[in-house]
Amino acid sequence: MADQLRANPGPQQMFLASRTDEVLFGGAAGGGKSFALLLWAAFPISIPGYRGLLLRRTYRELELSLIDESRQIYPRLRGAGAAYNEQRKTWTFRSGAQIVFGHCDNERDVHRYQSAQFARIGVDQVESFTRYQYTYLLSRLRNVASIPNQIRATANPGGIGAAWVKRRWIDVLSPNAVKWFLGEEQVERGTPHAMSRQFIPARVYDNPKLLEVDPGYISRLMALPDRERAQLLDGRWDIGHAGLVYDEYDATVHVVEQFDPPKEWQRFRAVDFGYNNAFVCQWWARSPDDELYLYREIYETQQLVSALGPRIRDLSAGETIRWTVADHDAENRAELNKHGVRTIPARKAVEDGIQEVRKRLHRDAVRGKPRLYVMRDCVVRRDQRLLSASLPSSTIEEFELYARETVTEGRSVKEVPIKEHDHGMDAMRYLCMGLRPGPRTRMRDAEGV
Ligand SMILES: Nc1ncnc2c1ncn2[C@@H]1O[C@H](COP(=O)(O)OP(=O)(O)OP(=O)(O)O)[C@@H](O)[C@H]1O
Ligand SMILES: [Mg+2]
């Protein structure tokens, strides 16, 4: 390796030297995470059969960060003969070894790598991925060139994966220590099939190169609002919330693969308005034993209701929708009505609605199953703006973010839902309230708009 390419002493060096199966390198912004990932992926390039995979969630981020930075680094690897193929987003080295770049906007995009074999997989900013995507990738590691399989992830605190990333690494590992796991269970070292896991904190102060070329970097981090500053400058993982609103949500139970709901099932829609925040329209089907399935949704920003109305109508063609419940905004409801999307106003009592959803998320004692499911990737179009901002781009992604915060009012302390990552959550709540037996929402409200 050329001598200009050298790991920074400290965490970056430790990251590159680690022989642990699964490592998270994370914390502060600018700590040299992406650089480290690129170097790590390149260690085995003299081995002809080696293939490495490096990922970001979106194409744009991939281009701007990893690919751009790889052009600075790989041509400088002495004797490696690095050549980049733009179309295939692949570096090929003299030995025949390859490093491939990829992105996974949709959850199922990880299936592209189903039959591929990678000895090393690196996931940059893993907090922008879902837990499903990450664990799927983990299963794609294959030892093909007698290179020990390794997976590496980098992260900043926050993002749509904040909850699962924290649980997988931060909550169960002290900094730099290595522990062994079988699935989620911690086991003794040496247990057959156990994988070792490690969390190496990254700090911006450990990256002298950045501070040298951009001395203003730290001042800019310092100027951020409190929460972002704590996360991105101090690398704090404990900031944010007092617990999830739907802590019974479990992606392995409540998320199902897509299927066409049988014709005879009842169908409903639920709408939460938004422009800079996401506009959400959900389509739900109800089985004869009262199981709800979210089978389609629009989850998009910066769309006018005048354009959304016809889309909702067209997407619903051939389906009988019993009713559509919506947030109260009169103007927007009137606009939907113009396109044949009649709505009834939602019953909006927040805690009541949350209780209705929770009842359905619980496995009921008799059947051992919940009564609420979401179909994977049922969002009709991924909003690139949301993806790039590491914000949820579907209802599924909100479940692990929608949280409560502790609020003190005089002498009483309450835990109230934070009004963030709640657009799909609100629509779902309106739907469940609409289905609750009791005082019916007046249908004439629907006619009256
Ligand atoms: N060991 C090193 N030698 C030289 N330059 C480095 C080294 N490590 C990092 N850098 C440079 O420091 C800058 C920040 O590094 P990098 O982009 O890897 O940080 P990051 O932690 O991924 O940041 P972000 O949180 O913004 O994604 C980059 O310009 C990178 O090239
Ligand atoms: Mg980076």
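Thresholds applied
Residues numbered from 1 in each chain as written. Chains lettered and ligands numbered in written order. Predicted model: local features only at pLDDT ≥ 70, side-chain atom pairs only at ≥ 80, totals over all residues. Core = buried A, V, L, I, M, F, W, Y, C linked by C-beta atoms within 7 Å. Buried ≥ 20, exposed ≤ 12 C-beta atoms within 10 Å, placed from the backbone. Helix = DSSP H or I, 4+ residues; strand = E, 2+ residues; numbered from the N terminus. Domains from an automatic or database assignment. Contact = placed C-beta atoms within 7 Å. Near = placed C-beta within 6 Å. pLDDT = per-residue confidence, 0-100. Nonpolar A, V, L, I, M, F, W, Y, C, P; charged D, E, K, R; others polar.

*Asks:* Any details on the nonpolar core? Residues and values, ideally.
*Replies:* Among the nonpolar cores identified, the biggest contains 106 residues, and Leu54, Val123, Ala270, Val280, Trp284, Tyr293 and Leu431 are the most heavily contacted of them. With eight residues, the top contributor of residues to this core is helix H2 (residues 33-42). Counting contributing residues, this core receives three or more from each of domain 1 (11-232) and domain 2 (251-448). Every residue in contact with valine 280, bar those within four places of it in the chain, is listed here: Val271, Asp272, Glu297, Ile298, Tyr299, His423, Gly424 and Ala427.

*Asks:* Please give an account of the site of ligand 1 that cites residues and values.
*Replies:* By nearness alone, 16 residues border ligand 1, and Gly32, Lys33, Ser34, Phe35 and Lys209 come closest of all. Broken down by secondary-structure element, the contributors of at least two residues to the shell around ligand 1 are H2 and helix H6 (208-213).

*Asks:* Quick one: what's the story with the confidence of the model for the protein, residue by residue and with numbers?
*Replies:* In this model, the protein carries an average pLDDT of 91, and 96% of its residues clear a pLDDT of 70 or more. pLDDT under 50 marks residues 442-449. Its contacts with residues more than four places away, or in other chains, come to 11 contacts.

*Asks:* For the domain arrangement of the protein, give the residues involved together with the corresponding values.
*Replies:* As assigned here, the protein comprises domain 1 (11-232) and domain 2 (251-448). The centre of domain 1, based on its C-alpha atoms, is set 34 Å off from the matching centre of domain 2. Of all the secondary structure elements, the ones that give two or more residues to the side of domain 1 that touches domain 2 are helix H3 (59-73), helix H4 (131-138) and helix H5 (162-170). Counting residues per element, the side of domain 1 that touches domain 2 draws most heavily on H5, which supplies three residues. Looking at the side of domain 1 that touches domain 2 residue by residue, the classes come out as five nonpolar, five polar and seven charged.

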